[in-house]
Amino acid sequence: MYGVIGTAVVVAAISVWLIKKFKVKTIDGKQIEFHPKKFSKGQIYGGLLFGFGWAMTGACPGPLFAQIGMGCTVVIVTLVSAIAGTWVYGYFSGKLPR
């Protein structure tokens, strides 16, 4: 898993560097712009919450349906939790600090 993520980070870093160096444009001919992201403590809290959930369930959110299809029905708890978490975020997103 670390190899996949690490490779993705390296490929993305090289791609961004090449886009900036050669001033690559989109298919429509528009300049590609990179904007700095503002830091928010919510990113830390959200990442920790997501990571703890992932660690406790032992299930990556991506293959949940495949795991359920294979008969790992206990993963349904993870799926329901993911849906509930998405709903809670949507409900409170307007009240969260930006």
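This text follows the structure it describes.
K.L.:
Quick question: what am I supposed to make of the overall build of the protein here?
P.N.:
Looking only at helices and strands, the protein has four helices and zero strands in total. Of the regular secondary structure in the protein, the N- to C-terminal order runs α-α-α-α. Relative to a compact globule of 98 residues, whose C-alpha radius of gyration would be 13 Å, the protein shows 19 Å and is clearly more extended. Considering only C-alpha atoms, the protein reaches an extent of 50 × 35 × 25 Å along its principal axes.

K.L.:
How do you make sense of helix α1 (residues 2-21) when you look at a structure like this?
P.N.:
Within an α-helix, residues lying three or four positions from one another point in the same direction, as the helix has 3.6 residues per turn. The end-to-end C-alpha separation of α1 is 28 Å, in line with the 28 Å expected for 20 residues at 1.5 Å each. Once α1 finishes, Lys-23 follows within two positions and takes phi at roughly 50 degrees, a positive value.

K.L.:
Just to check I follow, could you spell out unusual backbone geometry for this structure?
P.N.:
In this structure, Lys-23 takes a positive phi of about 50 degrees despite not being glycine. Residue position: Lys-23 is located in the loop between α1 and α2 (41-57). Owing to a relative accessible area of 56%, Lys-23 belongs among the exposed residues under this scheme.

K.L.:
So what exactly am I meant to see when it comes to the packing of aromatic side chains here?
P.N.:
When we look at a pair of aromatic rings, we describe it by the centre distance and by the angle of the planes. Tallied over the full model, the rule gives three aromatic pairs. Here the aromatic rings of Phe-50 and Trp-54 are separated by 5.6 Å at their centres, their planes lie at 80 degrees, and the arrangement is edge-to-face. Here Trp-54 and Phe-50 lie together in helix α2, a separation of four residues that amounts to about one turn. Residue classification places Phe-50 among the partly exposed residues on the basis of a relative accessible area of 46%. The class of Trp-54 is partly exposed, set by a relative accessible area of 31%. An angle of 15 degrees between the planes, with centres 5.3 Å apart, marks the rings of Trp-87 and Tyr-91 as stacked. Of this pair, Trp-87 and Tyr-91 both sit in helix α4 (residues 75-92), four residues apart, which is roughly one turn of that helix. Members of the aromatic cluster, connected to one another through ring pairs, are Trp-87, Tyr-91 and Phe-92.

K.L.:
Sorry if this is basic, but what is going on with the side chain of Ser-93 here?
P.N.:
Its location among the elements puts Ser-93 in the segment after α4. From its side chain, Ser-93 meets the backbone oxygen of Gly-90 in a polar contact 3.3 Å long.

K.L.:
Which parts of the structure should I look at to understand a nonpolar patch on the surface?
P.N.:
A cluster of nonpolar residues, Met-1, Val-4, Ile-5, Val-9, Phe-50 and Trp-54, forms a patch on the protein surface that exposes about 620 Å² of accessible area. Elements that contribute at least two residues to the nonpolar patch include exactly α1 and α2. Looking at the nonpolar patch element by element, the count peaks at three residues for α1. With respect to the secondary-structure elements, Val-9 resides in helix α1. A residue is classified by how much of its surface remains accessible, and Val-9, at 53% relative accessible area, is exposed.

Rules of the game
Residues numbered from 1 in each chain as written. Predicted model: local features only at pLDDT ≥ 70, side-chain atom pairs only at ≥ 80, totals over all residues. Heavy atoms only, no water. Helix = DSSP H or I, 4+ residues; strand = E, 2+ residues; numbered from the N terminus. Rg over C-alpha atoms; globule rule 2.2 N^0.38 Å. Expected span 1.5 Å × (residues − 1). Buried < 20%, exposed > 50% of the residue type's maximum accessible area, 1.4 Å probe, protein only. Phe/Tyr/Trp six-rings, centres within 6.5 Å; stacked < 30°, edge-to-face > 60°. Polar contact = N/O pair within 3.5 Å; in protein donor to acceptor, adjacent residues only side chain to side chain. Patch = residues over 30% accessible without salt bridge, like charges linked within 9 Å, V, L, I, M, F, W, Y side chains within 5 Å. Areas by Shrake-Rupley, 256 points an atom, 1.4 Å probe, with all protein chains shown as cover. Salt bridge = Lys/Arg side-chain N within 4 Å of Asp/Glu carboxyl O.

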